[in-house]
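# Inside the fold
Residue-level listing of the chains:
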Amino acid sequence: MIKRLSIAAFVLLLTCLGFASTPSILPSSFNGWQLDKSSIRSGSDPASIDGADAAVLNEYGFKDFESGTYQRNGRKMQIKVARFKDATGAFGAFTYYVQPRWQNEDIGDRAASNNRRILFSHSNLLVDATLDEVTAMSAADLRAFANALPKIRGNLAGLPTLQNELPKQSSIPRSLRYIEGPVALERLGVPIPASLVNFTMGPEVVFARYRTSYGEAYMTLIGYPTPQIAADRLKAFQAAHLPGGPFHFKRSGPFVIAVSGNVPENEADSLLASVNYDANVTWDQPTKQNPRDNIGNLIVGIFMLIGVILVVALIFGFAFGGIRVLAKKIFPNRVFDRPEDAEIIQLNLK
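To keep things clear, this report deals only with the structure shown in the data block. (Residues numbered from 1 in each chain as written. Predicted model: local features only at pLDDT ≥ 70, side-chain atom pairs only at ≥ 80, totals over all residues. Heavy atoms only, no water.)

We now examine the side chain of Glu66. For Glu66, the location among the structural elements is in strand β3 (residues 62-72). With no salt bridge to any partner, buried Glu66 finds its closest opposite charge in Arg83, at an N-O distance of 6.2 Å. A distance of 3.1 Å separates a polar atom in the side chain of Glu66 from a polar atom in the side chain of Ser24. At 2.9 Å, the side chain of Glu66 forms a polar contact with the backbone nitrogen of Leu26. Excluding residues that lie within four positions of it along the chain, Glu66 makes contacts with Ser24, Ile25, Leu26, Ile40, Arg41, Ser42, Ile79, Lys80 and Val81. (Helix = DSSP H or I, 4+ residues; strand = E, 2+ residues; numbered from the N terminus. Buried < 20%, exposed > 50% of the residue type's maximum accessible area, 1.4 Å probe, protein only. Lys, Arg positive; Asp, Glu negative; His and termini not counted. Salt bridge = Lys/Arg side-chain N within 4 Å of Asp/Glu carboxyl O. Polar contact = N/O pair within 3.5 Å; in protein donor to acceptor, adjacent residues only side chain to side chain. Contact = heavy atoms within 4.5 Å.)

Laid out in structure tokens, this is it:
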């Protein structure tokens, strides 16, 4: 009996471990490239893939990673994939690592390359690929690799929209940074300190660089959960003595916008004026009242029901009484009022 219980427990443990295991990230093959199984490395410690910025990866929601080497016709491709809790985290990590001097690529959700190194985000994955040689088919191969990667579904698959509020004119390509925590804010050189941004209130931050007639300007856009929080933070920003000024501030709805750097006042005002919060209002009130919600119809329906009940009661009453009268006329003293049914109670009192 004990032996059977031990075997059952062992099988149950293996089953639980099988369900708890994280699914693999790297595909075994794509476009003729084969994964060298002996080269696979994986783990859940961000320091294993970036010891210097492990804290930043944690702010973006890092979960685990997997890396390996692919081979095809004597060529090699080193690929490292970091998985995050959602697509927003992967997108934010991409903006953290990409550099302005890199070139845009059409791979995944957003991609850039620096010679033989290609970085792109795809769903909740950040892919860092290093090629031994760049060919005309390299981009197509990586697009096939991206299509073979797992994807998340639902709300976690949505990309952030705050960066769409930044003006495109005069922006320095690939200078956009999406920030979710104080460590990334500090390391990216955002001129507003994390203590003023106050990440305990759940903000999201985008930061970008712009060319001006005086040099380079910086725009920091902070989105807070409510306009009231944004108004309170704006007062704190304006009261603080921030280095690297002068600063130009504006609030629009739940957004707080700051422009600083080498920028004349009129260009700073133009940048601020280009950011405006536009609330998306959905009109869900019906254009006409639902008949079922009309109290007058309800009252009329109640009286109609009462009338129907009265009519049915009268019909059954007349039917019952009419049958009884008709039976007494046709069959006198045979169905109703029969003499043998009559009973007289005698008390015999003397």
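Moving on: the packing of aromatic side chains. In this structure the tally under the stated criterion is eleven aromatic pairs. Note on Tyr70 and Phe145: the rings are 5.9 Å apart at their centroids and 75° apart in plane angle, and the pair reads as edge-to-face. One end of the pair, Tyr70, is in strand β3; the other, Phe145, is in helix α4 (residues 138-148), and 75 residues separate them in sequence. Take Tyr70: its relative accessible area is 0%, and that puts it in the buried class. What makes Phe145 buried here is its relative accessible area of 0%. (Phe/Tyr/Trp six-rings, centres within 6.5 Å; stacked < 30°, edge-to-face > 60°.)

Time to look at the pattern of salt bridges. Where charged atoms from two side chains of opposite charge approach closely, those side chains can pair. According to the stated counting rule, one finds seven salt bridges in the structure shown. For Asp141, the salt bridge identified is with Arg72, shortest N-O distance 3.1 Å. Remark: Arg72 occurs in strand β3 and Asp141 occurs in helix α4; sequence separation between them is 69 residues. Taking the relative accessible area as the measure of exposure, Asp141 reaches 3% and is therefore buried. A salt bridge links Arg209 to Glu216; its shortest N-O distance comes to 3.0 Å.

The residue His248 is located in strand β12 (residues 248-252) in this model. Apart from residues lying up to four places away in sequence, His248 is in contact with Ile257, Ala258, Val259, Glu265, Ala268, Asp269 and Leu272.

This part is about the sheet that holds strand β6 (residues 110-114). Spatial ordering of the open sheet is given by β1-β2-β3-β4-β8-β7-β6-β5, a layout of eight strands whose pairing is antiparallel. A strand with exactly one partner marks an edge of an open sheet, and here the two such strands are β1 (29-30) and β5 (103-105). Bridge count for β3 against strand β4 (residues 75-84) is ten bridges, and the pairing is antiparallel. Residue pairing across strands places Gln71 opposite Lys76, the latter belonging to β4. Most of the contacts of helix α3 (residues 87-97) go to strand β7 (residues 117-122), to which it runs at about 155°, and overall it touches β4, β6, β7 and β8 (125-131). (Pairing = 2+ DSSP bridges. Axes fitted to C-alpha atoms, helices over the stretch in contact; angles between N-to-C directions.)

Another point: α3. Counting buried positions along α3 gives eleven out of eleven residues, so the element sits mostly inside the fold. Of all the positions in α3, only Ala87, Thr88, Gly89, Ala90, Phe91, Gly92, Ala93, Phe94, Thr95, Tyr96 and Tyr97 are classed as buried.

Below, the discussion takes up the sheet that holds β12. Taken in spatial order, the five strands of this open sheet run β9-β10-β11-β13-β12, and their pairing is antiparallel. Each edge of the sheet is formed by a strand with only one pairing partner; in this case those strands are β9 (177-179) and β12. For this sheet, the mean angle separating the axes of adjacent strands, direction not counted, is 20°. Pairing geometry for strand β10 (residues 204-211) and strand β11 (residues 216-223), over eight bridges, is antiparallel. By the bridge assignment for β11, Arg211 is matched with Glu216.

Another point: the pairing of β8. When you tally the buried positions in β8, you get six out of seven residues, the bulk of the element. Pairing of β4 with β8, which is carried by seven bridges, proceeds in the antiparallel orientation. Across the sheet, Ala82 pairs through a bridge with Leu126, a residue of β8. The hairpin formed by β7 and β8 contains two residues between the paired strands, and Ser123 there has a positive phi angle of roughly 60°.

Scope: geometric values only; no functional claims are made or implied.
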